[in-house]
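Next come the chains, spelled out residue by residue.
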Amino acid sequence: MDLPFAESYKIKVVESIHRSTLEERTNWIRNAHFNLFQIKSDQIFIDLLTDSGTGAMSDKQWGAIMTGDESYAGASSYYNLKDAIHDITGFPLYLPTHQGRAAENVLFSVLVKEGDIVPGNSHFDTTKGHIEFRKASAIDCTIDEAFDTTAYHLFKGNVALGKLEDVLKKSGDNVPFIILTLTNNSAGGQPVSLENMHAVKKLADTYNKPVLFDSARFAENAYFIKLREPAYKDKSIRQIAKEMFSCADMMTMSSKKDAIVNMGGFIAMRDPELFRQCSMFNIMYEGYITYGGMSGRDMNALAQGLYEGTDFDYLETRIKQVEYLGNRLVEFGIPIQAPIGGHAIFIDAKRFLPHLPKEEFPAQTLAIQLYLEAGVRGVEIGALLADRDPVTRENRYPALEMVRLAIPRRVYTNNHMDVVAVALKNVFDRRNDIRSGMRITREAPIMRHFTVELEQLG
Ligand code: F0G
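Now for a look at the structure at hand.

Parameters at a glance
- Residue positions are given per chain, counted from 1 along the sequence in the order it is written.
- This being a predicted model, a pLDDT of at least 70 is required before a residue's local features are given, and a value of 80 or more before pairs of side-chain atoms are given or counted; all residues contribute to the totals for chains, interfaces and linings.
- Note that the side-chain values use all heavy atoms of the structure and ignore hydrogens as well as water.
- Being near a molecule or strand, for a residue, comes down to having at least one heavy atom within 4 Å of it.
- Here a polar contact is taken to be a pair of N or O atoms separated by no more than 3.5 Å, where protein atoms must pair a possible hydrogen donor with a possible acceptor and residues adjacent in sequence count only if both atoms sit in side chains.
- Throughout, the Shrake-Rupley method with a 1.4 Å probe supplies accessible areas, and for residues the shown protein chains are the sole cover considered.
- For the purposes of this entry, the term helix denotes a DSSP run of H or I that reaches at least four residues, the term strand denotes a run of E that reaches at least two, and both are numbered from the N terminus.
- Under the convention adopted here, Pro, Cys and the residues Ala, Val, Leu, Ile, Met, Phe, Trp and Tyr are nonpolar, Asp, Glu, Lys and Arg are charged, and Gly plus all remaining residues are polar.
- Classification of residues uses two cut-offs on accessible area relative to the type maximum, computed with a 1.4 Å probe and protein chains only: under 20% is buried, over 50% is exposed, and between them is partly exposed.
- By the convention used here, strands pair only if DSSP detects at least 2 bridges between them.
- We call a crossover right-handed when, viewed with both strands directed away from the observer, the connection leading from the first strand over the helix to the second proceeds clockwise.
- Aromatic contacts are taken between Phe, Tyr and Trp rings whose centres are within 6.5 Å, Trp giving its six-membered ring; a plane angle under 30 degrees counts as stacked, one over 60 as edge-to-face, and the others as tilted.
- Look at NZ for Lys and CZ for Arg. If either is within 6 Å of the ring centre and within 35 degrees of the ring normal, a charge sits over the ring.
- Cavities and pockets were defined on a 1 Å grid built from protein atoms only: a cavity is a group of points that admits a 1.4 Å probe but offers it no way out, a pocket is an open group of points flanked by protein on both sides within 12 Å along at least five of seven lines, and a lining residue is one with an atom within 4 Å of any such point.
- Grid points are joined across faces, edges and corners, and a volume is the space filled by probe spheres set on the points.
- In this analysis, axes come from line fits to C-alpha atoms, helices being fitted only over the stretch in contact, and the angle between any two N-to-C directions falls in the range 0 to 180 degrees.
- Contacts: residue pairs with any heavy atoms within 4.5 Å of one another.
- By definition, a salt bridge exists where a carboxyl oxygen of Asp or Glu is found within 4 Å of a side-chain nitrogen of Lys or Arg.
- Any angle from 65 to 115 degrees is called roughly perpendicular, while one under 35 is roughly parallel, one over 145 is roughly antiparallel, and all others are oblique.
- Crossing handedness is read from the near helix: turned anticlockwise from the far helix by less than a right angle, it gives a left-handed crossing, and turned clockwise, a right-handed one.

Before going further, it helps to spend a moment on the site of the ligand. With respect to spatial proximity, 16 residues lie near the ligand, and among them Arg101, Asp214, Ser254, Lys257 and Arg404 are the closest. At 2.6 Å from an oxygen atom of the ligand is found a side-chain nitrogen or oxygen belonging to Ser254. For the ligand, the accessible surface in isolation is 470 Å², of which the surrounding protein chains cover 93%. Tallying contributions element by element places helix α4 (residues 100-111) first for the shell around the ligand, with three residues. Across the shell around the ligand, the residue classes break down as one nonpolar, eight polar and seven charged.

With that settled, the discussion passes to the pairing of strand β6 (residues 211-214). Alternating residues of β6 divide into Val211 and Phe213 and Leu212 and Asp214, and every residue in both groups is buried. Both strand β5 (residues 178-181) and β6 contribute to a ladder of four bridges, which runs parallel. Considered in β6, the bridge of Thr181 is made with Asp214. Once you follow β5 into helix α7 (residues 194-206) and on to β6, the crossover reads as right-handed.

For the rest of this paragraph, the subject is the packing of aromatic side chains. Tallied over the full model, the rule gives 14 aromatic pairs. Every member of this aromatic cluster is reached through a ring pair, and the members are Tyr78, Tyr79, Tyr94 and Phe266. Here Lys358 stacks its cationic end above the ring of Tyr397, 4.8 Å away from the centre of that ring. In this structure, Arg431 packs its charged tip against the face of Phe428, placed 3.8 Å from the ring centre.

Looking now at empty space enclosed by the protein. Within the structure shown, the criterion is met by two cavities of 30 Å³ or more. Of the voids in this model, the largest cavity is the one considered here, and its volume is about 80 Å³. For the lining of the largest cavity, the per-class residue count stands at seven nonpolar, four polar and one charged. Reported here for the second largest cavity is a volume of approximately 30 Å³. For the second largest cavity, the full set of lining residues is Gly188, Ile336, Gln337, Pro339, Ile340, Gly341, Ala344, Ile345 and Phe346. Of the residues belonging to the lining of the second largest cavity, the class tally is six nonpolar, three polar and no charged.

On to the sheet that holds strand β9 (residues 344-348). In spatial order, the strands read β9-β12-β11; together these three strands make up an open sheet with antiparallel pairing. Both outer strands of the open sheet, β9 and β11 (379-381), are each paired with one neighbouring strand and no more. Sheet twist, expressed as the mean angle between neighbouring strand axes with direction ignored, is 35°. Here helix α12 (residues 312-331) sits on the sheet in contact with β9 and β12 (402-406), set at roughly 25° to β9.

A few words now on the pattern of salt bridges. Inspection of the entire model under this criterion finds 27 salt bridges. Between Asp59 and Lys12 there is a salt bridge, with its nearest N and O atoms 3.5 Å apart. On the criterion of sequence distance, the pair formed by Asp59 in helix α2 (residues 59-66) and Lys12 in the segment before α1 (22-31) is long-range, its members being 47 residues apart. Judged by its relative accessible area of 47%, Asp59 falls in the partly exposed class. A salt bridge links Arg448 to Glu443, with the nearest nitrogen and oxygen atoms 3.0 Å apart. Residues joined in a network through salt bridges with shared partners are Asp51, Arg217, Glu220, Asp258, Arg318 and Arg409.

It is worth spelling out the packing of α7 against helix α9 (residues 237-245) at this point. Contact geometry for α7 and α9: axes closest at 9 Å, N-to-C directions at 20°. Taken as axis vectors, α7 and α9 run roughly parallel relative to one another. In this structure, the crossing between α7 and α9 has a hand that is left-handed. Along its contact with α7, which presents Leu194, Met197 and His198, the element α9 presents Ile240, Glu243 and Met244. Class assignment for the residues of the contact of α7 with α9 results in four nonpolar, one polar and one charged.

Function cannot be inferred from these measures alone, as they are strictly geometric.
Spelled out as structure tokens, the structure:
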């Protein structure tokens, strides 16, 4: 008999979590104005709000914390991290930042100006925010299959080369760079193939444009390349990652995902002139260039995390857990983005609650129902997140209206996944009783989803 699959780690430290009653949750969510960001973490049983900064560090990472060097300038921890980044990505130059959006802020301060157009594959919301804040615009050139959760495509994160070339032809002068988000978070943690990366780089070279990788989940992307792109099946994750980064001129990194730390980020590049220009903004916004918003100990843990995050056994354990939850939901007939992505399950709220109009925020309605059912927190990735058009101020209704269940790394067991699956099944079984959705009562002018207040209709 074949031995069953099991995790490639054992557990040394644990943290208690608690169940609550429906009555308690009903009160808590009302007090939070039906916004799951406003709920206290001890009011949650299983927290799938994000896989960002929520992973469990290893004994080796905690060990590295003890040897952190907190010198203001020239800390050994800076150089440890420099070596790890160079080793894994091939980029010789880097600047630490406190997280991914800080990396975007510093880099875009140099590269993005009013009127610019930044094409890419479904820019993450902070990326888009930093572009639009500078009165520039982001154009999504992801392949159409990504926006149909029933369409099967192994690399739904891919850029449609035709769409990208149209932008370059029409507005080339205003394009400062092309951005590839690996994996494509907004489309469902969907990978980009190496074939597509090479093709994007070739097109970018033709138009003399640099390529930026938003690399938050680059290792999960590399794992999918190994499994799904036949030419790479015998390559190691690190060999694949090196080849991926050979298609980029620069990268931003939210280290809170694939580098399995609770806080941190960086920008890396090859061009010394870009490094010099970014250094100025890094010093202004983040800190001196050899710590830039991070403690020495955190840079040490990150250096170690980059190696652990690119280990095949770890990635297999991680992605198989996401798949486990996804497969259980599919068994129950629950509509999710297919194929199952790297860091999360994306539930298609339009297919789950087809009778709710988009103006009533079906994905937020579903996320609230899941919380009420079992104290499970997911997050809306739909019209609330898509926010209003900066010019017309009209609500934007994206093609995909989803609830994301993001799985923290090395944190929950498959028993937790079973609870989530059954909770969703229960909501699915009573979906026709959910007759109405939600209405906004208060919202911020930008990135409204974090603080928006809502009420239930009906
Ligand atoms: N890029 C991508 C693809 C992301 O998913 C995120 C964050 C960022 C950039 C920004 O990084 O949070 O370190 O400032 N994503 C989190 C999420 C918040 O829940 O998906 P950050």
